[in-house]
Amino acid sequence: MLKILIKNRISALLYSLFNTGRRGRQRTKLASAGLFILLLYAAAAFIMLFGMIFSQICQPFHAAGLDWFYFAFTAILAFALMFIGSVFATHSQLYEAKDNELLLSMPIPPRAILLSRMISLLLLNFIFDLIVAIPAGFVYFTSLQTDVSSLFFFILVFLFLPLLSLAVSSAFAWLISRISARIRNKSLFVTLFSFLFLGAYFYFYSQMNNYVQLLILNSSSSASKVRAFAAPVYWLGTAIADSNVQYLLLGLLCVIVPFIVVFLILSNTFIKTVTVKHGAAKVVYREKPLKVSSPQKALLQKELRQFLSCPTYILNASLGIVFIFIGGVFLLIKSDLVLQFVSIIPDSSGLIPAIITLFLCGMATLNNITAPSISLEGKRLWIIKSIPVSPLDILTSKLKLHLFLCIPPILFTAVISVFIFSSSAVNAVCMIFLPIMVTIFCALLGLIANLKFPRFDWISETAAVKQGASVLIAIFGSMGAVLLPVIIYFFLPASFSLDVYLLSCLVVFTLACALLYRWLTVRGVKVFESL
Amino acid sequence: MLKIENLTKRFGNNAAVDNLSIHILPGEIYGFIGHNGAGKTTTIKACCGIMQFDSGEIYIDGSSIRTQPLECKKKLAYIPDNPDLYEFLSGIKYLNFIADVYSIDKTVREARIKKYSDLFELTGDLAQPISAYSHGMKQKLAIISALLHEPKLIIMDEPFVGLDPKASHLLKQLMREHCDNGGAIFFSTHVLDVAEKLCDKVAIIRRGKLVTSGTMEEVRGNDSLEEVFLELEEGHA
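Owing to the predicted nature of the structure, the values given are computational and were not obtained by experimental measurement.

Participant: Even after reading the chapter, I still don't get the interface of chain B and chain A, so can you show me in this structure?
Facilitator: Often, the extent of an interface is quoted as the loss of accessible area on bringing the components together. Counting residues at the interface gives 38 residues for chain B, matched by 35 residues for chain A. Of the roughly 3400 Å² buried between chain B and chain A on both sides combined, carbon and sulfur atoms contribute 64%. Across the chain B-chain A interface, the total number found is 1 salt bridge. The tally of links from chain B across to chain A stands at 9 residue pairs in polar contact (both at pLDDT 80 or more). Element by element, the count of residues in the side of chain B that touches chain A is highest for helix α3 (residues 91–101) of chain B, at 8 residues. Looking at the side of chain B that touches chain A residue by residue, the classes come out as 20 nonpolar, 7 polar and 11 charged.

So this is what it looks like as C-alpha cells:
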C-alpha cells in the first residue's frame, strides 16, 4: 500500500514537472530541458554561495582544532535551509492537500497516507540538505588530509539529518494547522506569520557575512557554547571529525527518535487534523444594499480577493512590494544616515540615482502576480469563459491587479528618493518611470508566460503558484531583462552618460511593453479562447 | 433559440462530436442523453463558448457563438456538471460578482437574489464562504447565479446531481416556468425518468453522433425512454 502511495506521490511530482497541465499535453523536450537547466542553475547558485562560506571557515577551524565545529556548523546550516525551504510545503502537503479526504475514504491506513507524504517531503529536505552538504564536504575533504571513515560518517550524518528537519517542520506545520483551524481570518494569520518568518530569514541572510566573520573570530567560545547547550550537534560533529562510532550512534539517535515520535503523534491525530472544519461559527446573512460595479471593476475585485485569500500566492508573488516599501520607509527614517554614507562615495551624484533605479527595478522583478493568475482559475475557468466579458478585459483585470499592487510602493520609494537626493529632472524621470515600466514588463511577461504554459490540474494552489513553468519564466525572464542592461553598461566607454543610458533603457522597456501588449491583444486573446 | 449545425469537435484524431445538428425552439425543454463520453459535455461547452470547435456553427437566438460570443453569452446561462465556484468568495459576493458582469440593475439584482435564494433556502448561508458549502449548496448557488440575468437560453450539464429532492422539484418547476415564458432549456441528464417527464424534445447521442431526436412521443413511441435508450445502445454496440 505504502509503495503505491509513494509511487503516486512521485508520479504526481513528475507529472507536475513534465506536463503542461492542459489536457494531459506533455511538455516538449526543449521545455523540460529548459526547466531542468533552470532548477540546476538555482541549485548551483546556492552551492556556490555555501561553498564560499565553507572555504572561509574551513582552514581557521581546522587550525584551531575545531574540525567537529565545522561539521556541527554545516549540520546547523543544512538543518536551517531544510526547515525554511520545506516548512510551507510541509504544511500544504500534509494538511491542505485536496486529495486527503479522497484517500481517507479508501481502505488505506491514515498512517500510510501520512508516511507517503512525509517520504516525498523527505526527498525535498534531502535536496536542500545536499545543497549545503556537497560544498561543505567538497571543501573539507579536498583541502585537508582525512581518512575514509570520516567521509563515510559524513555521508551517514547528512543522509539521516533530513529526518530531524522533517520532524521539526511537520510539528511546526501541525501547530500552524491547529491554530489556523481556530481562527476566522486564516489567510491573514498565515500571511503575517510567514512575513515575520521571512523577515527574520532575510535579516539573518543579510547579516550572514558578519556572522561568518564573528564565527571565525570567536570560534572557540562559539564551539564551547554549542558543546554545552546543543550536545547532539557536538556529537554529530565529533562523530565525523574523529570517526567516533559512539558519538555517531548517539547523534543519529537524536535525529531518528524525534522523527519517530512526531510521526506517531501526527498519525494518531491525522484524521482529526485534516478533516477539521476550518473557520469559526457560521455567519448568518443579513440583507443589506449591494454594491454595484462595472464588469471590469468586478473582475479586478475578484482577482484581488483571490490574491488575498491565498497566503502562498502573496508570499511567492509579491515579495518585491514588501522590500520596496521597506526601502522607502528606511530612506524616510534614516535619510541623514543615507546622505552621510552617500557623501563618502566619490561622484555619487550620478551613481546614486542609478543604484536606486536598479534597486527598484530589481525588486520589481520579484513580483510575479500575473504569472500564475490564469493557472489559478483551475477548474473554475468555466466561469470567466462563460460570462459576457471579452477575453481582453479578463486578461487586463489580471494585469491591473499586478500594477495596482506594485506601482504604489514604487512611487512611494521613488518619490522619497527624488526628494532626499535632490535629483535632477532626468534622474527623477528614470527613478520613477523606469521601475514602473519594468513592473509593466514583468506583469505582461508573467501573463503571457501563463497563457502559453497554464496548468489547471493542480490539487493544491501551491502547485499553481510555485511549480508552474510560467512562474519560472517570469522570474528568470524579468531578472534577465533587468540584468542585461547592467552588463551591457559595463562594456560601454566610461565617458558614456549614465543619464542617457538610463533614458535609453526606459525607451527600450517602453517598446518591449508595447510589443508584449500588442501580442496580448492579438495572439493572447486567441490563446485564451482556446484554453 | 439554439441551433447547432453540423458541429464537429476533435481531440487529436478522435471526433468527440461528429457532424451534430440540433434545433431548439423557444418554449422547449430539450433533453440531451447519451452514455459517458458520448460527447454531451463537449457539445454543451461548445454551445456556451467555453470550448472552440473544428467545424459547423452554433447560433444562440440568431447570433453565432463563433463570431458574436459576447452577444450569445448575454442571452444564455450555463450550469456545469460540477459546480466549481470561487471558494474565496462568500455566496452573496459571488452572486453580486455575477450580477456585476451581467450589468444587472441594483434593485433588480437584490430582488432576484432574494427571490431565488429564498426559494432554494440558501439565504441564511449567503454570508458563508463558498468553501464551507456542500456540493448541493454549491449547485444551488450555481443555479441561482444562472437565473440572475434572466437568460433566454439555459444550458445545463447534469443539473440534478447533488440536489436534494425539494431543490430538484423546485428546479423542474423553474425550468417549466422559464420555457412557458418563452425561454428554452437544453440540458444533459442520465436520469431518464426525469427526462421523460420533463422534456418536450430529446436527442440521443452516441460516440459523438446523433442517434435519434424529436419530440418525446416520436422518440419513445410506446416504450419507455429507458427501453429506447438501451435498445439503441445495444443496436450500436
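On we go.
Participant: Can you walk me through the packing of helix α3 (residues 67–95) of chain A against helix α5 (residues 110–143) of chain A in this structure?
Facilitator: The description of two packed helices rests on the angle between their axes and on the distance between the axes. All names here are of chain A. It is at 9 Å that the axes of α3 and α5 come closest, and there the two elements cross at 150 degrees. The angle between the axes of α3 and α5 places the two elements in the roughly antiparallel class. As α3 runs across α5, the sense of the crossing is right-handed. In the contact of α3 with α5, the residues fall into 19 nonpolar, 6 polar and 3 charged.

Participant: Would you mind going over helix α1 (residues 40–47) of chain B with me for this structure?
Facilitator: Side chains that are three or four residues apart share a direction in an α-helix, a result of its 3.6 residues per turn. Residue and element names in this part refer to chain B. Of all 8 residues that make up α1, 6 are buried, and the element is covered over most of its length. Along α1, the residues classified as buried are K40, T42, T43, I44, A46 and C47. Backbone geometry just downstream of α1 places G49 in the positive-phi region, at approximately 80 degrees.

Participant: What exactly am I supposed to notice about the confidence of the model for chain B here?
Facilitator: Close inspection of predicted coordinates is inappropriate in any region flagged by low pLDDT. When pLDDT is averaged along chain B, the result is 90; 99% of the residues meet or exceed 70. We note a pTM of 0.74 for the whole complex and an ipTM of 0.90 for its interfaces.

Participant: Help me understand a nonpolar patch on the surface in this model?
Facilitator: All names here are of chain A. A cluster of nonpolar side chains, Y203, F204, Y211 and L214, forms an exposed patch at the surface whose accessible area comes to about 400 Å². Of all the secondary structure elements, the ones that give two or more residues to the nonpolar patch are α7 (186–206) and α8 (208–217). Locating Y211 in the fold gives a position in helix α8. For Y211, a relative accessible area of 31% translates into the label partly exposed.

Participant: Would you mind showing me how to read the packing of aromatic side chains here?
Facilitator: Aromatic rings in a pair are described by how distant their centres are and how their planes are angled relative to each other. Residues and elements named next belong to chain A. Within this structure, the stated rule accounts for 33 aromatic pairs over all chains. For the ring pair F46 and F50, a centre distance of 6.4 Å and an interplane angle of 25 degrees mean the geometry is stacked. Highlighted residues: F46 and F50, both in helix α2 (residues 29–63), separated by 4 residues, approximately one helical turn. The exposure class of F46 is partly exposed, given its relative accessible area of 33%. For F50, a relative accessible area of 5% translates into the label buried.

Participant: How do you make sense of the pattern of salt bridges when you look at a structure like this?
Facilitator: Pairing between side chains of opposite charge can happen when their charged atoms approach one another. Here the structure, examined in full by the defined rule, presents 22 salt bridges over all chains. One salt bridge connects E110 of chain B with K106 of chain B, and the closest N-O pair in it is separated by 3.2 Å. Placement of both E110 of chain B and K106 of chain B in helix α4 (residues 106–119) is noted, with a separation of 4 residues, approximately one turn of the helix. For E110 of chain B, a relative accessible area of 24% corresponds to the partly exposed category. Here K106 of chain B falls in the partly exposed class, since its relative accessible area comes to 34%. A single salt-bridge network, built from bridges that share partners, covers K302, E303, E377 and K398 of chain A.

Participant: I'm lost on a positive patch on the surface in this one. Help?
Facilitator: Residues K288, K291, K297 and R305 of chain A together with K93 of chain B make up a contiguous surface patch of positive charge. Judged by relative accessible area, which is 32%, R305 of chain A ranks as partly exposed.

Participant: Looking at this model, I keep getting lost on empty space enclosed by the protein. Mind explaining?
Facilitator: If a probe as big as a water molecule is rolled over the atoms, it shows which places are left empty. Applying the stated rule across the entire model yields 2 cavities of 30 Å³ or more. If you add up the space inside the largest cavity, you get close to 110 Å³. Residue lining of the largest cavity: 13 residues in total, with W382 and S386 of chain A together with Y78, Y102 and S145 of chain B positioned closest to the centre. For the lining of the largest cavity, the secondary structure elements donating two or more residues are α17 (381–386) of chain A together with β6 (76–79), α3 and α5 (135–147) of chain B. If you add up the space inside the second largest cavity, you get close to 30 Å³. Within the residue set of the lining of the second largest cavity, elements represented by two or more residues are α1 (2–18) and α5 of chain A. Taken together, the residues of the lining of the second largest cavity sort by class into 3 nonpolar, 2 polar and 3 charged.

Participant: Would you take a moment to explain helix α10 (residues 231–242) of chain A for this structure?
Facilitator: All names here are of chain A. Along its 12 residues, α10 runs 16 Å from first to last C-alpha, staying within 8% of the 16 Å computed at 1.5 Å per residue. Of the positions making up α10, those classed as buried are V233, Y234, L236, G237, T238, A239 and I240. Just downstream of α10, S243 is the residue with a positive phi angle, here 50 degrees.

The rules behind these values
Residues numbered from 1 in each chain as written. Chains lettered and ligands numbered in written order. Predicted model: local features only at pLDDT ≥ 70, side-chain atom pairs only at ≥ 80, totals over all residues. Heavy atoms only, no water. Contact = heavy atoms within 4.5 Å. Buried area = accessible area lost by both parts, 1.4 Å probe. Salt bridge = Lys/Arg side-chain N within 4 Å of Asp/Glu carboxyl O. Polar contact = N/O pair within 3.5 Å; in protein donor to acceptor, adjacent residues only side chain to side chain. Helix = DSSP H or I, 4+ residues; strand = E, 2+ residues; numbered from the N terminus. Nonpolar A, V, L, I, M, F, W, Y, C, P; charged D, E, K, R; others polar. Axes fitted to C-alpha atoms, helices over the stretch in contact; angles between N-to-C directions. Parallel < 35°, antiparallel > 145°, perpendicular 65-115°, else oblique. Left-handed = near helix turned anticlockwise from the far one by under 90°. Buried < 20%, exposed > 50% of the residue type's maximum accessible area, 1.4 Å probe, protein only. pLDDT = per-residue confidence, 0-100. Patch = residues over 30% accessible without salt bridge, like charges linked within 9 Å, V, L, I, M, F, W, Y side chains within 5 Å. Areas by Shrake-Rupley, 256 points an atom, 1.4 Å probe, with all protein chains shown as cover. Phe/Tyr/Trp six-rings, centres within 6.5 Å; stacked < 30°, edge-to-face > 60°. Lys, Arg positive; Asp, Glu negative; His and termini not counted. Charge placed at Lys NZ, Arg CZ, Asp CG, Glu CD. 1 Å grid on protein atoms, 1.4 Å probe; cavity = no way out; pocket = protein on both sides within 12 Å on 5 of 7 lines; lining within 4 Å. Points joined across faces, edges and corners; volume = space filled by probe spheres on them. Expected span 1.5 Å × (residues − 1).

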